[in-house]
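Letter by letter, the chains look like this.
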Amino acid sequence: MNVFEYFELHKEKKSIYKHAPVYVHEINKKKVIIKRTKEQVDRIGPLHIWQKNLCEKGIKTIFPIEYKNRLYHTIDEDNWVVYPFIEGEKYTATKAQIYNAGELLGKVHSTSDSVFNHGFEWENYDDEFYGDVAGDLETISEDYPNEFNSENGKKLFERIKNLVSNKFESIISEKFPTSDSTWDYKASNLIYQADSPVLIDTDNAGKVPRFFDLALALLLFHTDVDTAPNRVLCVEEWELFLSGYKKHIDITDIEKKHWQDMLLFVYTDEVLWAINDLADDESDRQKDFIKSLVGFSFSQYNID
């Protein structure tokens, strides 16, 4: 029995998200979203507890709909959930939307209850990871010579190479504030209702250093959103996002001290593969966004 048969879908149904199976359907005459969730079953329960905690704290996000007396369903070795369909508008980069997106992330990070049994671990970044980084940098230099050799590109990749050569020793042994969070906070995972965002995709969530999550939001907030600017957040937009975030979070001295190195670590971990994974049939907007990442002027973005 496959997922289409189980949820009475038709095989001609297409995913509304190109990078993962996500389907719009109706159950009891109500629109729902059916999507794949975490692969490891022991991580699904904590995810649902965390989602429920956020909802109970008034943080706008989603919680699975119980279907056939279950919150998730294992079909052909994949785990699936049914979520309510959230009506609203896409992100269009208004000042209110940017500020409120930052505030929502701050609210998420401000919750103190930790429920996840998995998350960020430095042990996952081994010699193979650093070898991949070296290969990614070489590919990028060949595919984006203008951006790679621009003034910003030279500063960015020279700093990354230095950090990689030392395996990010400046941050690897530090103890940073952590938070249960989405680990995937970007505009494509928000639906706006009167400029107020609802977080609609939390299935990647885990326990992470909160300024890792913040750096990830800075770098990839505008990815895969056809209504967003075709570039990374500009400095003014970042400062607006950060001001919303700081309404709920006091950034610590240790986070301020190591921000630039963590930002570049997240770049090596999350952005390099996104650049090299860009498909030929991507939109011109997305291609422009990726180019803006190659020429990212990292030193202009701070959290002080």
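Residues numbered from 1 in each chain as written. Predicted model: local features only at pLDDT ≥ 70, side-chain atom pairs only at ≥ 80, totals over all residues. Heavy atoms only, no water.

This part covers the pattern of salt bridges. Side-chain pairing between opposite charges can occur once the charged atoms of the two side chains come close. Throughout the structure, instances matching the rule amount to eleven salt bridges. Residues Arg36 and Asp78 are paired through a salt bridge, measuring 3.9 Å at the closest nitrogen-oxygen approach. Note that Arg36 is positioned in strand 2 (residues 30-36) and Asp78 in strand 4 (residues 78-84), a separation of 42 residues in sequence. Given the relative accessible area of 36%, Arg36 is considered partly exposed. Overall, Asp78 belongs to the partly exposed group, its relative accessible area being 29%. We note a salt bridge from Asp226 to Lys90, for which the minimum N-O separation is 3.1 Å. Taken as a pair, Asp226 in the loop between helix 8 (210-220) and helix 9 (235-245) and Lys90 in the loop between strand 4 and helix 3 (95-110) lie far apart in primary sequence, 136 residues in all. Members of the salt-bridge network, linked through shared partners, are Lys35, Asp201 and Asp203. (Salt bridge = Lys/Arg side-chain N within 4 Å of Asp/Glu carboxyl O. Helix = DSSP H or I, 4+ residues; strand = E, 2+ residues; numbered from the N terminus. Buried < 20%, exposed > 50% of the residue type's maximum accessible area, 1.4 Å probe, protein only.)

This part covers the pairing of strand 7 (residues 196-199). In this sheet, strand 7 lies alongside strand 6 (residues 190-193) in antiparallel orientation, the contact comprising four bridges. Considered in strand 7, the bridge of Leu190 is made with Leu199. Between the end of strand 6 and the start of strand 7, which pair antiparallel, lie two residues, with Ala194 showing a positive phi angle near 55 degrees. (Pairing = 2+ DSSP bridges.)

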